[in-house]
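Results of the structural survey
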Amino acid sequence: MSNLIRNQLPLTIISIILIVIFTDYFLALPPSISNFVSGLQQWIVILAAFALVLGAFNIVKIHLPKIRKSKEISNKLLSAWLLVIMTITIIFGLTLGTTSSPYTFIFSNMLSPISTSVWSIMAFYFCGAVIRTFRPRNLESIVLIISTFLVASGNAPAVTPYLPWYENIKTWIMDVPNVSGMRGMIIATGIGVLFTGVKMLFQVERRSTVGVGE
Amino acid sequence: MESSGVIMSNNKENWLLRLVNLDQRYYYLALIILLVTPIIRPIGLPILVTAPTKDFYQYVNNNIQENDKILIWGGMSVGFWPTEYKPGVIAAVQHFFDIGAKIYWISDATEDPVICDQYVFPTIRKGSAVYGVNYVNLGYYSGGEMAMSAFAKDISSLVTQDYYRTPVNQLPMMREVSDANDFDFVIHITGSPPEWLLRQYNSAYGKDCGFISISGMMGIYLPYYASGQLVGFINGLRGGAEYETLTGNPGIGLASTDTVSTGHIFFSFLIVFTNVLYLIKRRLNKQ
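What counts as what
- Residues numbered from 1 in each chain as written.
- Chains lettered and ligands numbered in written order.
- Predicted model: local features only at pLDDT ≥ 70, side-chain atom pairs only at ≥ 80, totals over all residues.
- Heavy atoms only, no water.
- Helix = DSSP H or I, 4+ residues; strand = E, 2+ residues; numbered from the N terminus.
- Rg over C-alpha atoms; globule rule 2.2 N^0.38 Å.
- Buried < 20%, exposed > 50% of the residue type's maximum accessible area, 1.4 Å probe, protein only.
- Contact = heavy atoms within 4.5 Å.
- Areas by Shrake-Rupley, 256 points an atom, 1.4 Å probe, with all protein chains shown as cover.
- Lys, Arg positive; Asp, Glu negative; His and termini not counted.
- Charge placed at Lys NZ, Arg CZ, Asp CG, Glu CD.
- Domains from an automatic or database assignment.
- pLDDT = per-residue confidence, 0-100.

Attention now moves to the overall build of chain B. Within chain B one finds 11 helices and six strands. For chain B, the C-alpha radius of gyration of 25 Å lies well beyond 19 Å, the compact-globule estimate for 287 residues. For chain B, the proportion of its 287 residues judged to be buried stands at 55%. Taking the intrachain contacts of chain B between residues at least 6 apart in sequence as the baseline, contacts between residues at least 24 apart amount to 72%. When the accessible surface of chain B is totalled, it reaches about 12400 Å², and 54% of it is carbon and sulfur. With 20 positive and 24 negative side-chain charges, chain B shows a separation of 11 Å between the mean positions of the two kinds.

Entries for chain B in the domain assignment read domain 1 (2-41 + 268-286) and domain 2 (51-255). On a C-alpha basis, the centres of domain 1 of chain B and domain 2 of chain B stand 47 Å from each other.

Under the domain assignment used here, chain A contains domain 1 (2-52), domain 2 (54-120) and domain 3 (136-197). The C-alpha-based centres of domain 1 of chain A and domain 3 of chain A are spaced at 39 Å.

Before going further, it helps to spend a moment on helix α6 (residues 145-153) of chain B. α6(B) sits mainly inside the fold: nine of its nine residues count as buried. For α6(B), the full list of buried residues reads B:Glu145, B:Met146, B:Ala147, B:Met148, B:Ser149, B:Ala150, B:Phe151, B:Ala152 and B:Lys153.

Before going further, it helps to examine the environment of B:Gly232. All names here are of chain B. Within the fold, Gly 232 resides in strand β6 (residues 230-235). Note: C-alpha distance between Gly 232 and Gly 75 (157 residues apart in sequence) is 18 Å. Excluding anything up to four places from it in sequence, Gly 232 contacts Pro 52, Phe 56, Cys 209, Gly 210, Phe 211 and Tyr 225.

So, about the confidence of the model for chain B. All names here are of chain B. Here chain B shows a mean pLDDT of 90. Residues at 70 or above account for 95%. Scored below 50 in pLDDT, residues 1-8 shows zero contacts in the model against residues more than four places distant or in partner chains. As scored by the predictor, the complex reaches a pTM of 0.88 and an ipTM of 0.86.

In structure tokens, the structure reads:
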């Protein structure tokens, strides 16, 4: 009975929902079933929103112990600051709304410049990667270095107006080897997802319900 | 003479050794100088428009008319807004407003509706466009592809109010749409792969789709563009600058292309230079 409720019932529900949603995508089903699928989709949207709440709890779970147990003052302060700002932002968002002045002040004057600065550091990471890792150790790395050089320099807007033939080289690299490689990856990924879905449908894929060691 | 030759050889080796073991912070400093200088003193280098941007522009010019409905799924994060999304989004949305199309903006990223509210719509020259009649911000809906699917299937089942908590039945333009079939063009602004939108709108409803994305995604979008599933895409800052050139509305994109050029040329030079130094270092080690 326990195995029926813990394992078989969830797997059966998953199989039924998979069949219904899969069929609805390809066929025009009767309104009753189509409305049921719409309802399911709304439930998934709601559940996904709860994932945000879970994320917030996770941040608290990680940083609260750091405040209590960390030996370094800087770690304590940074974690405390994170939790304070997160709490203030959540309170403003929930009580005053995301269009209110305090919320948009935090967004425009704190989140936006800090996020932009963090992502801007990527330029230096790439610079460091080029300095350290682009080395001709074998044939594949030589091809990588040459194609990176051609595509990076070809992507510079100032190069191609003066050297139009250079654009053709870069375009060929992107349109032929890149597209063919990406197509192979996309098709392989699609086949993998298809087979995973079939395995879930026939209850062969059980990791989502069966516990570790069972 | 021999001693001076030895001294010269030693000096040359010392110089080479110093060059080979150059602190990489000098490279960072060079990068900062090359990126900042064109911003302070623009060079005005020309720009060539690439095919994906040109096709996106020509599709909009030839197929989108006044009162046509454009659905924009926004998936932007604020960190990429100033450098990657802003030129393309502002140029494209301004183009839509200039044509007189209706914009339905809905978000699949948490920061996107605020970006739309604070940075996009306030920046656009709207002319006689009125909120709720010509453009609307519907807010964020979680669930990614499932939200896209739910919206495409039945808008009223998912969307009951806009970003400002106005009920949709009070917005005239929302009465004109009930599902994906009512839209003329669907765009996704994102740094993610294009499969979600293509599956739910192009494959399921046959809608023409376009993308406004970050630079690094070009390689991933090209297969879909080559197969015709995408009418075109605006690719990062360079794509935004190209679109500004095509629409005749110079903006932040064109102002930043000099920086893009110097940055790319520097990285290309660095690839060659560091490998030459690496080979010199190997030779010196053998000696």
